[in-house]
Amino acid sequence: MVVGMGRDGIQDTVELAYRPTRADLLAGVRVRERRRRLHLVRWGFTGLFGVGAVLALAGDASVQSFVTAVFCATLIWSIPHLQAHHALRTVSWQGEYRTSVSETGIAAETEHVTLVQRWSVFRGYRETRDHVVLLSRDPNILLVEVLPKRGLHSPQDAERLQALLSRHLPRV
């Protein structure tokens, strides 16, 4: 592990090594969804179609109406899972990710790709129990960077990562 010393003797690089999982990507999708308040819309439509299914079952509606309402409710509820599955198919073939978080930004490297992102790309971060999710600055938050804590080398790295992020980005 490469660790440099920054201002005031603070270690300024934290490295992670991990293979992305569906749970990692789902965490990113859920944080993005909550930040944009899309979860309220999703649950509203899920509930609407769920009520439609109950009414179709209780009333004189056809079996087709009931099945359609249940299908729509299930599909809308599963959107984050479908997005995570699609994203995993997009990145999993690249294998292990080696990510460095430093004073200049985040560098992710695989056998096929190297991506360097400056802090200015991100609007902030949110920490979950198992992940740190960085959200892009664009209005629709099209980019999320998910850093799984299991990729850290030690528990002290989690504290250092949080301190490094706090110096550059607000919690959102």
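Quick summary incoming for the structure in this document.

What follows concerns the packing of aromatic side chains. Across all of its chains, the model carries 1 aromatic pair by this definition. Both rings, one in Tyr-18 and one in Tyr-97, keep their centres 5.9 Å apart while their planes meet at 10°; by these two values the pair is stacked. In this pair, Tyr-18 is assigned in strand β1 (residues 13-18) and Tyr-97 in strand β2 (residues 97-102), connecting sequence segments 79 residues apart. The exposure class of Tyr-18 is buried, given its relative accessible area of 6%.

Note on placement: Ser-102 falls in strand β2. On the basis of relative accessibility, which here comes to 17%, the residue Ser-102 falls in the buried class. Contact partners of Ser-102, with chain neighbours within four places excluded, come to Asp-12, Thr-13, Trp-119 and Leu-164.

Moving on: the sheet that holds strand β6 (residues 131-136). If you trace the 3 strands from one edge of the open sheet to the other, you get β5-β6-β7, paired in antiparallel fashion. In this open sheet, the two edge strands, each paired with only one partner strand, are β5 (122-127) and β7 (144-148). The mean angle between the axes of side-by-side strands here comes to 15°, regardless of whether they run parallel or antiparallel. Here β6 runs beside β7; their pairing, made up of 5 bridges, is antiparallel. When the bridges of β7 are listed, Leu-134 appears paired with Glu-145. The sheet strands contacting helix α5 (residues 155-168) are β5, β6 and β7, and the helix crosses β5 at an angle near 150°.

Procedures and definitions
- Residues numbered from 1 in each chain as written.
- Predicted model: local features only at pLDDT ≥ 70, side-chain atom pairs only at ≥ 80, totals over all residues.
- Heavy atoms only, no water.
- Phe/Tyr/Trp six-rings, centres within 6.5 Å; stacked < 30°, edge-to-face > 60°.
- Helix = DSSP H or I, 4+ residues; strand = E, 2+ residues; numbered from the N terminus.
- Buried < 20%, exposed > 50% of the residue type's maximum accessible area, 1.4 Å probe, protein only.
- Contact = heavy atoms within 4.5 Å.
- Pairing = 2+ DSSP bridges.
- Axes fitted to C-alpha atoms, helices over the stretch in contact; angles between N-to-C directions.

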